[in-house]
Amino acid sequence: MHTSELMRTGEFVFSRGEDPVGFHDLLPGFTAQDRLGVVALEPGDSLRAAPLLLASVGAFYEELRATETDFYLYPDFFVFHVGGPKGRHSPLDVWPQSKEVIVPPDPQALLCAINDRGITRLILPNGPGAGGVVMLHAVQIAARRLRTILTTAADTAGHRWSVRPSEAAVPLISRCARVSADLLGEGSTDRWRATSSAAQGYTELSFDEALSALCAAGATTEPLGFSAEYRTRAGLTEGILARDRYTVGAPGVSGPPS
């Protein structure tokens, strides 16, 4: 049976601390028009996002079924693999393969990929942020478009929200680990398959915190990713580049205003 029939958001367990909540508490105002992105710096990062991602798959199809009976669609959900493949996500309805987006370990390239796909809900891996440089216009686009930014980690303690997968979602998470075994490694694959029913924790990030998390991907290729030939032929001067330059502060240090 296809995920359009299997996933039911009401069968997932959403919590805030010890209190039960609902799907829309985590993703307020979510609709089938939302575009969800998961950033994976390391193998396993996307599996930590899997319960909320699959709940979102359910919400997508529930909205369609409310008004349509004949459709063959997939949600616009993407995984951004930094530096090379971190998993294979077709079991999570990240489909087709073009939605498995490979980006270099470059914050500007990553931010550009997120913007170019119109992401409105972003899930980032938990970890230390970093300072860096990106393009000002890219920052302002993302600030206007992103409606929810979350970070996730295996331990639900200390995270504001948790999501436990539905019974139907558990085998899909296990299958995702299985088909990604060559990337995860044998030990990690076995752990993910054994704990595929476990709740995962999520916490909101501010926009500045999200930029810092993106900068943990690596260093922006100077000058802002433009080749010498492109700059010459486009008449791209140092002054133009300087105007479109935004410095992201390291954690605890503010960058310049956007």
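Placed above this text is the structure.
It should be emphasised that the depicted structure is a prediction, and the values quoted were computed from it without experimental measurement.

### What to know about the pairing of strand β6 (residues 121–125)
Okay, so step 1: Counting buried positions over the 5 residues of β6 gives 5, a clear majority of the element.
Okay, so step 2: The two faces of β6 match: R121, I123 and P125 on one face and L122 and L124 on the other face are all buried.
Okay, so step 3: In this sheet, β6 lies alongside strand β3 (residues 36–40) in parallel orientation, the contact comprising 3 bridges. For V38, the partnering residue across the bridge sits in β6 and is I123.
Okay, so step 4: Where β6 lies against strand β8 (residues 148–153), 5 bridges are found, and the strand directions are parallel. In the sheet register, I123 faces β8, and the bridge partner there is L150.

### Side note on the sheet that holds β6
Okay, so step 1: Read across the sheet, 9 strands follow the order β2-β1-β9-β10-β8-β6-β3-β4-β5 without closing on themselves; strand pairing throughout is mixed. Of all strands in the sheet, those bounded by a partner on one side alone are β2 (19–21) and β5 (100–103). Here the average twist between neighbouring strands, direction ignored, is 30°.
Okay, so step 2: Summarising the sheet, strand β1 (residues 13–16) and β2 pair through 3 bridges and their orientation is antiparallel. Along β2, the bridge assignment pairs R16 with D19.
Okay, so step 3: Lying over the sheet, helix α3 (residues 45–67) contacts β1, β3, β4 (77–82), β6, β8, β9 (161–164) and β10 (200–204), oriented at roughly 170° with respect to β3.

Scoring rules and cut-offs
- Residues numbered from 1 in each chain as written.
- Predicted model: local features only at pLDDT ≥ 70, side-chain atom pairs only at ≥ 80, totals over all residues.
- Heavy atoms only, no water.
- Buried < 20%, exposed > 50% of the residue type's maximum accessible area, 1.4 Å probe, protein only.
- Helix = DSSP H or I, 4+ residues; strand = E, 2+ residues; numbered from the N terminus.
- Pairing = 2+ DSSP bridges.
- Axes fitted to C-alpha atoms, helices over the stretch in contact; angles between N-to-C directions.
- Contact = heavy atoms within 4.5 Å.

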